[in-house]
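Structure assessment
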Amino acid sequence: MKPLDKILISNDTSYNPIWIMRQAGRYLPEFREIRKKNPNFINLCLNVNLSSEITLQPVQRFDLDAAIIFSDILMLPYGLGQEVKFIKNFGPKLGKLSLNDIDKINEIDFVQKIEPVYKAIKKVSSEPIQKNKNTIGFVGAPWTLLVYMINQKSPKKNLKKNFFKNEFYINRTLSIIEKFLKIHIKNQIDNGANVIQIFDSWAGLLDERHYSKYIYTPTQNLVNYVKSLNIPVICFPREIKNYKKFCEIIKPDAISIDYNVDPKEIVKTIKIPVQGGLDPKILLTDKETLKKEASKYLDIFKDHPYIFNLGHGVLPETDPNMFEYLVKTVKDY
Ligand code: CP3
C-alpha cells in the first residue's frame with residue numbers, strides 16, 4: 001500500500017506521510033535553472049520531459065511520500081482556449097472569456113491541447129522511484145476556476161461588486177467548467193494519478209449564503225465523481241469559514257487545512273483524515289522554531305490519521321535546507 005493510501009483508505013494513525021504543496025517550484029535551484037531557460041510557464045507545463053523532471057526533483061532530493069504533477073490549475077481555461085499567461089511579479093493573466101468560443105470546445109480539442117500533462121503523469125507514475133510513492137493529480141475547484149476565468153487575474157481580498165451581475169454568464173461558465181474538470185480528472189487517473197487534490201484557493205472570498213451554489217454543490221459533484229473511479233480525493237477549501245460543515249456535506253477522503261485554523265479545534269470536530277496546516281512562513285525562521293511548530297501539529301494529530309503538509313504552498317524564498325530539516329523532523333517523529 002502506498003504511503004498516502006494508508007491514511008486515505010485505511011485510516012492508519014501510525015505513520016505520517018509527507019508531501020508539500022508547491023514542492024516543485026522556485027525555492028529549488030534546480031527548478032530555477034530550468035525555469036530560466038523556459039520563460040513561458042505554460043509551455044514548460046506542456047513539455048513532458050521537463051515537467052516530469054521538475055515533478056521528481058523534490059521527490060528525489062527529499063524522499064517525499066508523493067509526487068504532485070508539475071502543472072497548474074489554470075491549464076483548464078487554457079485547454080478551453082482562454083488565453084493564460086504568467087507574468088513575473090504579477091501572477092496569472094487571462095484573456096477575455098468568450099462563452100461563444102468555449103461553448104464550441106469539445107472533449108477531443110480539450111484533451112489534445114493539454115495532452116502533454118497526461119503524458120507527464122504517465123511518465124512520472126511509471127518511474128521506479130514512484131513504485132512506493134503516490135502520484136497526485138489535481139484540479140482547481142469549480143469556484144476558484146470561475147474566479148480566475150471571470151476576473152482574469154488573482155483577486156485581491158474581495159470580489160468586484162459586479163462579479164455576480166450576469167447570472168446567465170456565470171451559470172453557463174460554471175457548468176462548462178464542471179464538465180471539463182471531470183474530463184481532466186479522468187485523464188489524469190487513466191494515466192496513473194492515484195490521488196486527486198481539489199484546490200479551492202478562493203473559497204474564503206465567498207459569503208456563506210453563496211456556499212451552497214458555488215462551493216458545496218459543484219465540489220460534491222466532483223468528489224463523488226472521483227470516488228466513483230475508486231480514487232481517493234483530498235479537498236483544500238482554503239479559508240472556508242466552517243471546515244466541519246464542509247466535511248460533513250462533501251465527505252472527501254481527507255481535508256487539507258490552511259494555517260489560519262486552529263488544529264486543536266479541527267482534531268476535536270473533524271472525523272476524517274486531515275492534511276497540512278503549518279504556516280509556510282515558519283520555514284523562513286530557524287530550525288528550532290521549525291521543529292517546535294511542526295511537532296505541534298504532529299502532537300495534536302498523534303491519534304488522528306494525518307498527512308503532513310503546509311497550510312499553503314511553500315514560499316519561493318524558502319531555504320532548501322529548512323525544507324530538508326522539516327522532512328527529517330516529520331520522518332524522525
Ligand atoms: O508543486 C506543486 O504543488 C505542483 C504544481 C502546482 C503549481 N500550481 C505550479 C506553479 C500546483 C498544484 C499549482 C496549483 C495552483 N495554481 C493554485 C492552487 C494552489 C494555491 O496556490 O492556492 C493556484 C491558485 C494556481 C494559480 C497560479 N499559478 C498562481 C496564482 C500563480 C502565480 C503565483 C506564484 O506563485 O507565482 C501560478 C504560477 C505557478 N504555478 C508557479 C508554479 C511553480 C510559479 C511559476 C514560476 O515559476 O514563475
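Please refer to the structure higher up on the page.
Presented here is a report on the structure given in the accompanying data block. (Residues numbered from 1 in each chain as written. Predicted model: local features only at pLDDT ≥ 70, side-chain atom pairs only at ≥ 80, totals over all residues. Heavy atoms only, no water.)

1. Re the site of the ligand
The immediate surroundings of the ligand are formed by 22 residues, with Arg22, Arg26, Arg35, Asp72 and Ser201 found nearest. A distance of 3.2 Å separates an oxygen atom of the ligand from a polar backbone atom of Gln23. Within the contact set of the ligand, an oxygen atom lies 2.7 Å away from a side-chain nitrogen or oxygen of Arg35. Protein contacts shield 87% of the accessible area of the ligand, which totals 860 Å² for the unbound molecule. (Near = heavy atom within 4 Å. Polar contact = N/O pair within 3.5 Å; in protein donor to acceptor, adjacent residues only side chain to side chain. Areas by Shrake-Rupley, 256 points an atom, 1.4 Å probe, with all protein chains shown as cover.)

2. Some words on unusual backbone geometry
Both trends apply: most residues other than glycine have a negative phi, and most peptide bonds are in trans. Phi at Arg22 is positive, roughly 60°, even though this residue is not glycine. Tracing the sequence through the fold places Arg22 in the loop between helix H1 (3–8) and helix H2 (29–37). The exposed category is assigned to Arg22, whose relative accessible area is 55%. Its identity is not glycine, yet Asn230 carries a phi of approximately 65°, on the positive side. By the secondary structure assignment, Asn230 is in the loop between helix H10 (211–228) and strand S6 (233–236). (Helix = DSSP H or I, 4+ residues; strand = E, 2+ residues; numbered from the N terminus. Buried < 20%, exposed > 50% of the residue type's maximum accessible area, 1.4 Å probe, protein only.)

3. Side note on the sheet that holds strand S9 (residues 306–307)
With parallel pairing, seven strands are arranged side by side in an open sheet as S1-S4-S5-S6-S7-S8-S9. Edge positions in the sheet fall to strand S1 (66–68) and S9, since each has one partner strand and no second. Looking at chain direction, S1 and strand S4 (residues 134–140) are connected through three bridges and run parallel. Following the sheet pairing, Ile68 is matched in S4 by Ile136. (Pairing = 2+ DSSP bridges.)

4. With respect to the packing of helix H9 (residues 167–190) against H10
For the pair H9 and H10, the least separation of the axes is 10 Å and the interaxial angle reads 25°. It follows from the interaxial angle that H9 and H10 lie roughly parallel. Crossing hand, H9 versus H10: right-handed. For the pair H9 and H10, contact is made by Glu167, Ile170, Asn171, Leu174, Glu178, Leu181, Lys182, Ile185, Lys186 and Ile189 and by Lys213, Tyr214, Pro218, Asn221, Leu222, Tyr225 and Val226, respectively. A breakdown of the residues in the contact of H9 with H10 according to their chemical character gives 10 nonpolar, two polar and five charged. (Axes fitted to C-alpha atoms, helices over the stretch in contact; angles between N-to-C directions. Parallel < 35°, antiparallel > 145°, perpendicular 65-115°, else oblique. Left-handed = near helix turned anticlockwise from the far one by under 90°. Contact = heavy atoms within 4.5 Å. Nonpolar A, V, L, I, M, F, W, Y, C, P; charged D, E, K, R; others polar.)

5. Here's the deal with the environment of Tyr216
As for its position among the elements, Tyr216 is in helix H10. Not counting residues within four places of it along the chain, the set of residues in contact with Tyr216 comprises Tyr211, Lys245, Phe246, Ile249 and Ile250.

6. Things to note about the nonpolar core
Counting residues in hydrophobic clusters, the biggest one holds 122 residues, and the most contacted among them are Phe110, Trp143, Phe308 and Leu326. If you tally residues by element for this core, the top one is H9, at nine residues. Not counting residues up to four positions away in its chain, the partners in contact with Trp143 are Leu159, Phe163, Phe164, Asp200, Trp202, Ala203, Leu206, Tyr214 and Ile215. (Core = buried A, V, L, I, M, F, W, Y, C linked by side-chain atoms within 4.5 Å.)

7. With respect to a positive patch on the surface
A cluster of like positive charges, contributed by Lys93, Lys96, Lys153, Lys156 and Lys160, occupies part of the molecular surface. The residue Lys156 is located in the loop between helix H8 (142–151) and H9 in this model. Here Lys156 falls in the exposed class, since its relative accessible area comes to 70%. (Patch = residues over 30% accessible without salt bridge, like charges linked within 9 Å, V, L, I, M, F, W, Y side chains within 5 Å. Salt bridge = Lys/Arg side-chain N within 4 Å of Asp/Glu carboxyl O. Lys, Arg positive; Asp, Glu negative; His and termini not counted. Charge placed at Lys NZ, Arg CZ, Asp CG, Glu CD.)

8. Quick notes on the side chain of Thr318
With respect to the helices, strands and loops of the structure, Thr318 is situated in the loop between S9 and helix H14 (320–332). A polar contact is formed between the side chain of Thr318 and the backbone oxygen of Leu315, at a distance of 2.7 Å. When sequence neighbours within four positions are dropped, the list of residues in contact with Thr318 reads Tyr27, Leu283 and Leu284.

9. Comments concerning helix H4 (residues 48–62)
Helix length check: H4 (15 residues) gives 22 Å between terminal C-alpha atoms against 21 Å at 1.5 Å per residue, within 8%. Of all the bends in H4, the greatest, near 30°, is centred on Leu56, and the proline Pro58 appears no more than four residues after it. Next to the buried residues of H4 lie H2, helix H3 (41–45), S1, helix H7 (107–125) and H14. Residue Asn47 occupies the N-cap position of H4, its side-chain oxygen lying 3.3 Å from the main-chain nitrogen of Asn49. At the C-terminal side of H4, Asp63 shows a positive phi close to 50°. (Expected span 1.5 Å × (residues − 1). Bend = angle between axes of the 7 residues up to and from the residue.)

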